Amino acid sequence: MNKIQMVDLQSQYKNIKSEIDTAVIDVIESSQYINGPAVQEFSSNLAKYMSVKHVIPCANGTDALQVALMALELNPGDEIITTDFTFAATVEVIALLNLKPILIDVDLETFNIDCDKLVNAIGPKTKAIVPVHLFGQPADMEKIMQISKEHNLYVIEDNAQAIGAKYQFKSGIKKKVGTIGDIGTTSFFPSKNLGCFGDGGALFTNNDELAIKIRGIVNHGMYKRYHHDVVGVNSRLDSVQAAILNAKLPYLNSYNKSRQDSARKYSEALKNCNQIITPILSKGCAEICGSCDCHVFHQYTIRIISKKRDQLADYLLTQKIPFGIYYPIPLHKQKAYKSESFKDEEFVNTNTLSDQVISLPMHSELSDDQIDFITNKIIKFLA
Ligand SMILES: *Cc1c(COP(=O)(O)O)cnc(C)c1O
């Protein structure tokens, strides 16, 4: 059995080494390191993959979120509703832009924003909702889009963890998450489902006006060379990263399928352990079928409901089984984002989850014997 890793980037690279190496050398030889043809090519291939009109590449997923908010031309103090249970980048950019983050508790089963609580938080200053498709599972976009229409709010999807996942509407229509709201954002951080060999990110939109604004903002607010119409940023995907992503994009569906297969095997092996709750799929998907793309398992996250999560974590360390705790502290408790308006008792579910969750190794190269080894150790320890 190979050494178990949380994410196995080495094996993934080795499997397509010649394609990646060729793509990188081509960029080096072309010397078009910034905004070279590789960036154009990747953007247009990704737009096809996502079935979205515009893909605007940028330097990382955090920038993508920041630029998305900048494109909405909001005023200081405007309120942005997002989830209490996400990576800090989501809320960080809201605060950075002098907007006010309104954090919302999550659904205990999907780990995604609770839409009933979301509705109650809407006020006269609310301008946008930022749902996060956490761990690869789409948020309840049917309800979120309905709410946004009723209250005239923008929707920015943080799709850093769910690229390739599809959401099925009641009408039967399926769309890739990240293309449903006004703007979608993603990250190509190496460990994401589609990762480059450094930092990278992108924005998605079907709105021509927003696309123009975004292209200017990522380029110093320039719409015409050396004419700076708005305050922008410098946020670019470099050509080497674009070439690597272009080589990897054709494999994204198979990577996601491998993740789903591993998730199904984990859940099957752990199903009889009554101290564990295995991941639950959004409504509309009864099982991890490996073909419906409803959850792309950026993380495989279980809940230990017997208060033994930390003991299990210590034990896994002794067994050299890597794991992650995403996320150990809800955002409403973080020093940087604490606020009088966030009452701890309004965050029952994020408080519960941060005590119970543990994420097991998950990547496209996980083998059956590794999953058996991990699940046997966990079952034995909890017995
Ligand atoms: C990774 C991630 C980001 C930030 O992406 P970077 O490329 O690291 O800046 C934002 N939101 C979520 C939910 C993420 O997982």
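Criteria and cut-off values
- Residues numbered from 1 in each chain as written.
- Predicted model: local features only at pLDDT ≥ 70, side-chain atom pairs only at ≥ 80, totals over all residues.
- Heavy atoms only, no water.
- Domains from an automatic or database assignment.
- Contact = heavy atoms within 4.5 Å.
- Salt bridge = Lys/Arg side-chain N within 4 Å of Asp/Glu carboxyl O.
- Polar contact = N/O pair within 3.5 Å; in protein donor to acceptor, adjacent residues only side chain to side chain.
- Nonpolar A, V, L, I, M, F, W, Y, C, P; charged D, E, K, R; others polar.
- Phe/Tyr/Trp six-rings, centres within 6.5 Å; stacked < 30°, edge-to-face > 60°.
- Helix = DSSP H or I, 4+ residues; strand = E, 2+ residues; numbered from the N terminus.
- Buried < 20%, exposed > 50% of the residue type's maximum accessible area, 1.4 Å probe, protein only.
- Lys NZ or Arg CZ within 6 Å of the ring centre and 35° of its normal.
- Near = heavy atom within 4 Å.
- Areas by Shrake-Rupley, 256 points an atom, 1.4 Å probe, with all protein chains shown as cover.

Engineer: What am I meant to see in the domain arrangement of the protein chain here?
Structural biologist: One widely used convention gives an interface's size as the accessible area the parts lose upon coming together. Taken domain by domain, the protein chain comprises domain 1 (9-250) and domain 2 (252-382). Placing a centre on the C-alpha atoms of domain 1 and another on those of domain 2 gives a separation of 24 Å. In this assembly, 46 residues from domain 1 lie in contact with 38 residues from domain 2. Our enumeration of links across domain 1 and domain 2 arrives at zero salt bridges. If you look at where domain 1 meets domain 2, you find 21 residue pairs in polar contact (both at pLDDT 80 or more). Of the residues that constitute the side of domain 1 that touches domain 2, the class distribution is 23 nonpolar, 12 polar and 11 charged.

Engineer: Explanation requested: the packing of aromatic side chains in the structure shown.
Structural biologist: Pairs of aromatic rings are described using the distance from one ring centre to the other and the angle between the two planes. Under the defined criterion, the tally for this structure stands at 14 aromatic pairs. Here Phe 85 and Tyr 327 contribute two aromatic rings whose centre-to-centre distance is 6.0 Å and whose plane-to-plane angle is 85°, an arrangement assigned as edge-to-face. Of this pair, Phe 85 sits in the loop between β2 (79-83) and α5 (89-96) while Tyr 327 is found in the loop between α11 (309-318) and α12 (348-356), placing the two residues 242 residues apart along the sequence. The two residues Phe 85 and Tyr 327 agree in class, both being buried. An aromatic cluster of at least three residues, connected via ring pairs, comprises Phe 85, Phe 111, Phe 135, Tyr 326 and Tyr 327. The lysine or arginine in question, Lys 176, covers the ring of Tyr 49, its NZ or CZ lying 3.8 Å from the ring centre.

Engineer: Looking at this structure, I do not really get the pattern of salt bridges. What am I missing?
Structural biologist: Oppositely charged side chains can form a pair if their charged atoms are brought close together. For the structure on display, the rule yields 11 salt bridges. The partner of Arg 264 in a salt bridge is Asp 261, with the nearest N and O atoms 3.1 Å apart. With Arg 264 and Asp 261 both in helix α10 (residues 252-270) and three residues apart, this pair spans about one turn of that helix. Look at Asp 261 and you get buried, because its relative accessible area is 18%.

Engineer: Sorry, what's going on with the site of the ligand here?
Structural biologist: Surveying the vicinity of the ligand reveals 15 residues, the closest of which are Gly 61, Thr 62, Asp 158, Ser 187 and Lys 192. At 2.7 Å from a nitrogen atom of the ligand is found a side-chain nitrogen or oxygen belonging to Asp 158. For the ligand, an oxygen atom lies 2.7 Å from a polar atom in the side chain of Ser 187. Here the ligand has 380 Å² of accessible area as a free molecule, and 91% of this is covered by the chains. Contributions of two or more residues to the shell around the ligand are made by α4 (61-71) and α5. Ranked by the residues each element gives to the shell around the ligand, the list is headed by α4, at three residues. Across the shell around the ligand, the residue classes break down as five nonpolar, eight polar and two charged.

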